[in-house]
Amino acid sequence: MKIVDHIKNANGKTLFSFELLPPIKGQSIQGIFNAIDPLMEFNPPFIDVTYLREDYIYKQHPNGLLEKVAYRKRPSTVATCAAIMNKYKVDAVPHLICGGFTKDETENALIDLQFLGIDNVLVLRGDARKSDSAFVPTPDGHAYASELVQHVSDMNRGKYLHDDMANEKTDFCIGVAGYPEKHFESPNLDTDFKYLKHKVDLGAEFIVTQMFFDNKAYQAFVEKCRSNGINVPIIPGLKPITSSKQLISLPKIFHLDIPLELSEAIQACGSEKEVKEVGIEWMINQCKELKTVGAPVLHFYTMGNPEPTKRIAQAIF
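Residues numbered from 1 in each chain as written. Predicted model: local features only at pLDDT ≥ 70, side-chain atom pairs only at ≥ 80, totals over all residues. Heavy atoms only, no water.

**Topic: the overall build of the protein chain**
What the protein chain contains, in helices and strands, is 11 helices and 11 strands. For the protein chain, the spread of C-alpha atoms along the three principal axes comes to 60 × 60 × 45 Å. Relative to its full complement of 317 residues, the protein chain shows a buried share of 52%. Residue pairs in contact within the protein chain that sit at least 24 positions apart in sequence constitute 74% of those at least 6 positions apart. (Helix = DSSP H or I, 4+ residues; strand = E, 2+ residues; numbered from the N terminus. Buried < 20%, exposed > 50% of the residue type's maximum accessible area, 1.4 Å probe, protein only. Contact = heavy atoms within 4.5 Å.)

Structure follows, in structure tokens:
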């Protein structure tokens, strides 16, 4: 079922969902099931599965020379989605990214997803490789998320890359990312909304936000979307702070602000256990308020650790 239909069928009730990483190459799918099982009591209608592009590693040969080798650490997004749908009978939402795919490879991946009965995709540009200072498009691949949205929308209309045959229409519900505190590469918020509106006009049907810790940022983002003619569901992405190191790592990696009240409360903690309790309590309060203001779904970035999310969900749902 499409995400927008899950939301519509909820009749105003806030839903619960979460995101996880596919297994590292060589690991069993059981680790994924172990991360999902504790959260199934909250009846998630869908589960997101991330996609990470390839990176480079250097392999040293006996003669001392280093060889630069492309390596994909977590290659099994599509298979993980299939396993989730087969075991839990819920919708799996694969991320679809620009980096690491040619346009033909993207099209072939979408055909595989359609054949598996996957109805939703979350379309992203994706991050730069760790070895690159900025995002580098794959040769003959898409450079922007908007191009990828256009590709999926074209296939939904039966338009494929090669027009030498009659093509069956796909029927994907397309999601895109939103940034309540602005995408770090955008010069300003107005430009950010311009690009977001463009993706919605191309066919995006829902938005999932970057994580945030101040609900005022989410509410302002929703209001700005509506004033810009963006009327699709806006799903808040959430993650509790569980360690003091995240006061530095989260702003650095995700380019977000941590409210002064929260940062001072964490800095006043005497142990990492206290930090975790403060972070979870803050997120519980955030979620209660988000339900009050009508967030359609509370979507948690679990990073494979279900315990904090389960504690939050027990207090909310």
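Now that the structure has been shown, the text picks up again.
**With respect to the pairing of strand 7 (residues 173-178)**
When you tally the buried positions in strand 7, you get six out of six residues, the bulk of the element. Burial along strand 7 is two-sided: Cys-173, Gly-175 and Ala-177 facing one way and Ile-174, Val-176 and Gly-178 facing the other are all buried. With four bridges connecting them, strand 6 (residues 120-124) and strand 7 associate as parallel partners. Counterpart to Val-121 in the pairing with strand 7 is Ile-174. The pairing of strand 7 with strand 8 (residues 204-209) spans five bridges and is parallel. (Pairing = 2+ DSSP bridges.)

**Here we look at the packing of aromatic side chains**
Scanning the model with the defined rule gives eight aromatic pairs in all. Relative to Phe-300, the ring of Phe-16 has its centre 5.7 Å away and its plane inclined at 40°; by these criteria the two rings are tilted. One end of the pair, Phe-16, is in strand 1 (residues 15-20); the other, Phe-300, is in strand 11 (residues 297-301), and 284 residues separate them in sequence. With respect to burial, Phe-16 and Phe-300 carry one shared label: buried. (Phe/Tyr/Trp six-rings, centres within 6.5 Å; stacked < 30°, edge-to-face > 60°.)

**Notes on the nonpolar core**
Across soluble globular proteins, you tend to see nonpolar side chains buried next to one another. Ranked by internal contacts, the top residues of the largest apolar core, which has 91 residues, are Ile-36, Ile-84, Phe-213, Ile-241 and Phe-300. With seven residues, the top contributor of residues to this core is helix 10 (residues 272-292). Other than its neighbours up to four places away in sequence, Phe-213 contacts Lys-239, Ile-241, Leu-250, Leu-256, Asp-257, Ile-258, Pro-259, Leu-262, Trp-282, Met-283 and Gln-286. (Core = buried A, V, L, I, M, F, W, Y, C linked by side-chain atoms within 4.5 Å.)

**Quick notes on helix 5 (residues 145-156)**
Here helix 5 is 12 residues long and its end C-alpha atoms lie 17 Å apart, about the 16 Å a rise of 1.5 Å per residue gives. For helix 5, the buried fraction is high: 10 of the 12 residues fall into the buried class. Within the span of helix 5, buried status applies to Ala-145, Ser-146, Leu-148, Val-149, His-151, Val-152, Ser-153, Asp-154, Met-155 and Asn-156. Structurally, helix 5 contributes buried residues whose contacts are with strand 5 (91-97), helix 4 (103-115), strand 6, strand 7, helix 6 (189-202) and strand 8. With its phi angle positive at about 85°, Gly-158 sits one or two positions after the end of helix 5. (Expected span 1.5 Å × (residues − 1).)

**Details of the sheet that holds strand 10 (residues 237-238)**
Strand order across the open sheet formed by nine strands is 9-8-7-6-5-2-1-11-10, with parallel pairing between neighbours. Edge positions in the sheet fall to strand 9 (234-235) and strand 10, since each of these pairs with one other strand and no more. Relative to strand 2 (residues 46-49), strand 1 is paired through three bridges, and the arrangement is parallel. Looking at strand 2, one finds that Leu-20 is bridged to Val-49.

**Here's the deal with the packing of helix 6 against helix 7 (residues 215-227)**
Where helix 6 meets helix 7, the closest approach of the two axes is 11 Å, and the angle between their N-to-C directions is 60°. Between helix 6 and helix 7, the interaxial angle falls into the category oblique. When the axes of helix 6 and helix 7 are compared, the crossing they make is right-handed. Contact residues: helix 6 offers Asp-190, Phe-193 and Leu-196, while helix 7 offers Phe-221, Lys-224 and Cys-225. The residue inventory of the contact of helix 6 with helix 7, partitioned by class, reads four nonpolar, no polar and two charged. (Axes fitted to C-alpha atoms, helices over the stretch in contact; angles between N-to-C directions. Parallel < 35°, antiparallel > 145°, perpendicular 65-115°, else oblique. Left-handed = near helix turned anticlockwise from the far one by under 90°. Nonpolar A, V, L, I, M, F, W, Y, C, P; charged D, E, K, R; others polar.)

**Regarding unusual backbone geometry**
Of note, the phi angle at Asn-11 is positive, near 55°, even though the residue is not glycine. With respect to the helices and strands, the residue Asn-11 is situated in the loop between helix 1 (3-9) and strand 1. In this structure Asn-11 comes out as exposed when scored by relative accessible area, which is 71%. For Met-303, which is not glycine, the phi torsion reads 55° and is therefore positive. Within the secondary structure, Met-303 is located in the loop between strand 11 and helix 11 (306-316).

**Regarding the pairing of strand 8**
Burial analysis of strand 8 places five of its six residues in the buried class, which makes it a mostly covered element. As defined by bridge partners, strand 8 adjoins strand 9 across two bridges and the pair is classed as parallel. Bridge pairing in strand 9 links Val-208 to Ile-235. Chirality of the crossover, the property in question, places the unit of strand 8, helix 7 and strand 9 among those that are right-handed. (Right-handed = clockwise from strand over helix to strand, strands pointing away.)

Just geometry here; none of it tells us what the structure is for.
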